[in-house]
Amino acid sequence: MYPRHDLLGSKVPGLTTRTRVWRNVLRHRDVPWLNDRSLGCSAVFPAAGYLSVAIEALRQAQEEAGQPALGVRLHDIAIDEALILPEGEEGVEIMITLTKTDTRWFSFSVETMIDGHWIVHCNGKMTGTGDFSTTRDHAVDETLLNQGSTGKLVLGVPQSGI
């Protein structure tokens, strides 16, 4: 069993090896750098944070299975809704679910409990790889990375996904 991770939290014991779940409560006092990620007056959980917790969950799961990976391949990533971190001591409950879909791939979701309802913020698929590959399977049109003053980052990702 791994110690509690600041973002991922702790693994929920007693579940199957096919599906693993981690739970945590994100609070400003526990992870103060989250205050620096704001949109207007609200602290927003960064998009890279969703991928970080998913990758850490995969790392722990693969190490527990005796199959450590040096890298990760992500596919069909969707970030559906921003996670606004509430002010105050109560924080927000976050749950990361990792489900083995076949011999290599896992699906994941990052959800929070808000007003008694689970909200899916990010989901996708990933697999561990044997190396830190720097090659891309899909070309990225780098002219689309900066679209002037629109305030949006637009990635040119082919229809086949990330």
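Up top you'll find the structure we're talking about.
As the structure is a computational prediction, the values presented were derived from the model and not from experiment.

Asker: Help me out: how do you make sense of the nonpolar core in this one?
Answerer: Buried together is how nonpolar side chains tend to be arranged in soluble globular proteins. Judged by nonpolar contacts, the single largest core of 25 residues is most densely connected at Leu26, Ile96, Leu98 and Val110. Sorting the residues of this core by element identifies β2 (19-26), α1 (47-64), β7 (92-100), β8 (106-114) and β9 (117-129) as the ones contributing at least two each. By residue number, the principal contributor to this core is α1, which donates 6 residues. Setting aside residues no more than four positions away along its own chain, Leu26 makes contact with Asp6, Leu7, Phe45, Leu83, Leu85, Gly91, Val92 and Ile94.

Asker: Looking at this structure, I do not really get the pattern of salt bridges. What am I missing?
Answerer: Pairs may arise between side chains of opposite charge once their charged atoms sit close together. Tallied over the entire structure, the rule returns 9 salt bridges. A salt bridge links Lys125 to Asp76; the nearest nitrogen and oxygen atoms lie 3.5 Å apart. Of this pair, Lys125 sits in strand β9 while Asp76 is found in strand β5 (residues 71-79), placing the two residues 49 residues apart along the sequence. On the basis of relative accessibility, which here comes to 37%, the residue Lys125 falls in the partly exposed class. The class for Asp76 is partly exposed, based on a relative accessible area of 35%. In this structure, a network of salt bridges that share partners links the residues Arg27, Arg29, Asp30 and Glu89.

Asker: In this structure, what is going on with the side chain of Ser109? I would like to understand it.
Answerer: By the secondary structure assignment, Ser109 is in strand β8. Taking the relative accessible area as the measure of exposure, Ser109 reaches 12% and is therefore buried. Only 3.0 Å separates the side chain of Ser109 from the side chain of Glu111, close enough to count as a polar contact. For Ser109, the contacting residues outside a window of four places in its chain are Met95, Ile96, Thr97, Cys122 and Asn123.

The rules behind each value
- Residues numbered from 1 in each chain as written.
- Predicted model: local features only at pLDDT ≥ 70, side-chain atom pairs only at ≥ 80, totals over all residues.
- Heavy atoms only, no water.
- Core = buried A, V, L, I, M, F, W, Y, C linked by side-chain atoms within 4.5 Å.
- Buried < 20%, exposed > 50% of the residue type's maximum accessible area, 1.4 Å probe, protein only.
- Helix = DSSP H or I, 4+ residues; strand = E, 2+ residues; numbered from the N terminus.
- Contact = heavy atoms within 4.5 Å.
- Salt bridge = Lys/Arg side-chain N within 4 Å of Asp/Glu carboxyl O.
- Polar contact = N/O pair within 3.5 Å; in protein donor to acceptor, adjacent residues only side chain to side chain.

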